Amino acid sequence: MKKPNSLLLTRKRLLIVILSIAFLFCALSARLFYLQIVKGSWLSGKAAEQWYRDLPLEAPRGKILDANGEVLADNRNVYTVYVRPRAVKDFESVSRVLSDAFKLDYAKLYDKLSGTFVSEITVMREVEEEVAERIRSHGLDGIYFTVDSTRNYPGGSRLEQVLGFTNIDNIGQNGLEGYYDKYLSGIDGVALTATDMQGIRLDGETTKYVPAVPGCDMTLTVDANIQSFAETAVTSAQLEWNSKSASMIVMDVNSGGILAMASAPSYDNNDPPRDDINLLNALSKNKMIVDVYEPGSTFKIFTTAIALANGAASEADRFYCPGYRMVDGQRIKCWRSIGHGSQTLGEGVMNSCNCVFMDLAQRVGTAKLYEGLRDFGFGQKTNVDFYGESRGILMNEASVKTVDLARIGFGQAVAVTPLQLITGVCAAVNGGILYEPYFVSSIDSYDGMNVYTREKKQIRRVIDEGTSAKLRGMLEKVVSSGGGKKAGVIGFTVGGKTGTAQKYENGHIAQGKYISSFVGFAPADNPRYALLMIVDEPNSYAYYGSLVAAPYAGKVFENLFSYAGMTPTSEEPPKTVPMPDIIGLSLTEALKKLKEAGLQYELAGDTDKILGTMPVAGTEVPIGDIVLVRTEDSGS
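Read on for a plain summary of the structure.

What counts, and where the lines are drawn
Residues numbered from 1 in each chain as written. Predicted model: local features only at pLDDT ≥ 70, side-chain atom pairs only at ≥ 80, totals over all residues. Heavy atoms only, no water. Salt bridge = Lys/Arg side-chain N within 4 Å of Asp/Glu carboxyl O. Helix = DSSP H or I, 4+ residues; strand = E, 2+ residues; numbered from the N terminus. Buried < 20%, exposed > 50% of the residue type's maximum accessible area, 1.4 Å probe, protein only. Pairing = 2+ DSSP bridges. Axes fitted to C-alpha atoms, helices over the stretch in contact; angles between N-to-C directions. Patch = residues over 30% accessible without salt bridge, like charges linked within 9 Å, V, L, I, M, F, W, Y side chains within 5 Å. Areas by Shrake-Rupley, 256 points an atom, 1.4 Å probe, with all protein chains shown as cover. Lys, Arg positive; Asp, Glu negative; His and termini not counted. Charge placed at Lys NZ, Arg CZ, Asp CG, Glu CD. Core = buried A, V, L, I, M, F, W, Y, C linked by side-chain atoms within 4.5 Å. Contact = heavy atoms within 4.5 Å.

Below, the discussion takes up the pattern of salt bridges. Opposite charge on two side chains allows them to pair when their charged atoms are near. A full pass over the atoms with the stated rule returns 19 salt bridges. Its salt-bridge partner being glutamate 128, residue arginine 76 comes within 2.8 Å of it at the nearest N-O pair. Of this pair, arginine 76 sits in strand 3 (residues 71-83) while glutamate 128 sits in the loop between strand 4 (121-127) and helix 5 (129-136); the two residues are 52 residues apart in sequence, bridging distant segments of the chain. According to the relative accessible area criterion, glutamate 128 is partly exposed, its value standing at 29%. Aspartate 141 serves as the salt-bridge partner of lysine 89, at 3.4 Å between the closest nitrogen and oxygen. Here aspartate 141 lies in the loop between helix 5 and strand 5 (143-152) and lysine 89 lies in the loop between strand 3 and helix 3 (91-102), a separation of 52 residues in the sequence.

Glancing now at the sheet that holds strand 24 (residues 610-614). Taken in spatial order, the three strands make up an open sheet running 23-26-24, and their pairing is mixed. Every interior strand has two partners, whereas the edge strands, strand 23 (600-604) and strand 24, have only one. Neighbour to neighbour, the strand axes of the sheet diverge by 25° on average, direction disregarded. Both strand 23 and strand 26 (residues 626-631) contribute to a ladder of five bridges, which runs parallel.

Before going further, it helps to examine a negative patch on the surface. A contiguous patch of negative charge, built from Asp268, Asp271, Asp275 and Asp276, is present on the exposed surface. Inspection of the secondary structure assignment puts aspartate 268 in the loop between strand 10 (258-264) and helix 10 (277-284). Aspartate 268 sits in the partly exposed class, given a relative accessible area of 35%.

For the rest of this paragraph, the subject is the nonpolar core. Met218, Leu220, Met261, Leu373, Phe376, Leu419 and Phe439 are the most contacted members of the largest nonpolar core, which totals 91 residues. Sort the elements by how many residues they give to this core and helix 17 (residues 418-429) lands first, with eight residues. When sequence neighbours within four positions are dropped, the list of residues in contact with phenylalanine 439 reads Val162, Leu176, Thr219, Leu220, Thr221, Val222, Ile258, Met261, Ile289, Val384, Asp385 and Phe386.

What the five strands build is an open sheet, ordered 10-9-21-20-19; its pairing is antiparallel. Only two strands of the sheet have a single neighbouring strand rather than two, namely strand 10 and strand 19 (495-505). With direction set aside, neighbouring strand axes in the sheet form an average angle of 10°. By the bridge criterion, eight bridges tie strand 9 (residues 245-252) to strand 21 (residues 529-536) in an arrangement that is antiparallel. The residue of strand 21 that forms the bridge with methionine 248 is methionine 533. Sheet strands touched by helix 9 (residues 224-241): strand 9, strand 10 and strand 21. Its angle to strand 10, the strand with the most contacts, is close to 25°.

Following this line, the structure appears as structure tokens:
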């Protein structure tokens, strides 16, 4: 009776053994699958980490090129020096050679190299080739090198505030280097060397390389030749007027492409002052995009355009200027204290008469004026491809009083960026189309494949073509016959507007501090280029935009016409007259004498006593040119 039970028990035990063996087999199979398939790559990598020492191969950044293919930023080879302590046979010699090469403390370096258990120590980065070769010539074991690249700017200070710079890891920090870093940065590679457990290279083993992938090349709208014209102008202006700074933007009127952007003082992008962070921030900040200023009379362009577009004024309208306007009980002066008398709208633009623009702003009204200013892009970012752009400052529309409206009409109580201003001017004179400004026209991979192409972007129509044509005609007369005379070029038509704005500090007028500017376009009848020249705080009583900024704009326009191969309609030099001697005359008599000589004038001072003129009496001056009459200041 017990034998069948015993047989059954035996069979059960055998089944349990078989199932156990099967379970173990399945578990081992699952584990092997997990290790070889699921974790295979990871484990292979961990094994490689133990048997291989890897050194990074830094990917070269893409080049930055101008519109004609000229290199603005590229790379040069530098070295990183490593030490693998376990591979060092002579710590004294290694420490001595490296401390001498890099001016390091020998004792500290020796202690660091000989007293550590880490497999690898980075001694120095961005080592020049000749230094690396001198170290290599000693043939010391344990010293290793990798070839890296660092940024190189062939033009030195050219476009420094636009291009920006990179840090020691070759990562873009600001400017276009920072904004487009994801395109300019490549993919790093690696060099793998087989070693033993002590980190010593195995005999017969070769180094394996995973090559780096270079970054993309980037082509700008900037033309290096036009940039050189602008840089020469701002550098010369800052030196001549001993100003705080000088800057210029040149733009393609019909696309928004930025052709040049220059500023002085500047710095060498190959050697930025990294040890003085305040100086670095001050010099590297692109004030033409980031900072705002009160534009003064250049803003009158927009008041005129909006008034014409809204039917609030016509070219036939006449205005009377007694030298001031009373608004909300406040006496607001025209820049010409004796007044301009009766004048047409065009004459008011040519004379830059504040009274005319106060009247225009009040005729248009706050709602319509603000609508027009927003259409031109004020109070909002232009969306240029650059970090840190300011929106500018427009007063809250609901808070604008009549006196505020009057001041806005002639460029006070409003703040703009230089880029906003010139972008708006382009729209005012190109037929009425506002374009988005931009720096980069295309991006291409290292092997030539196009990654990105920028087409001009139309934002909106701001005025009609007829209004734009009328405005161009008025602004052309400002240069041919008015305050912008010194921006003119013989044989060509240029339009524009000067500006002279007082600066404010802590909410109050800063005595003796001005921003002198000129904004213009050419050719006046069919605009191709727009230009804005700003001189911040010229150190002279001749602070007017007509005398300080306009002449440099004229020089750049002249270079532009020559560079573009434009033919002048006439090369006849202007007739000249000797500068009259007006010292000792009353102001009324002096100004009459200048008018009879065919000369225009700017006044510095506010009394009847004439102290001097620029140029001095007897100097030959082109007929129609602008001279400075300096009178005694009542506050002196």
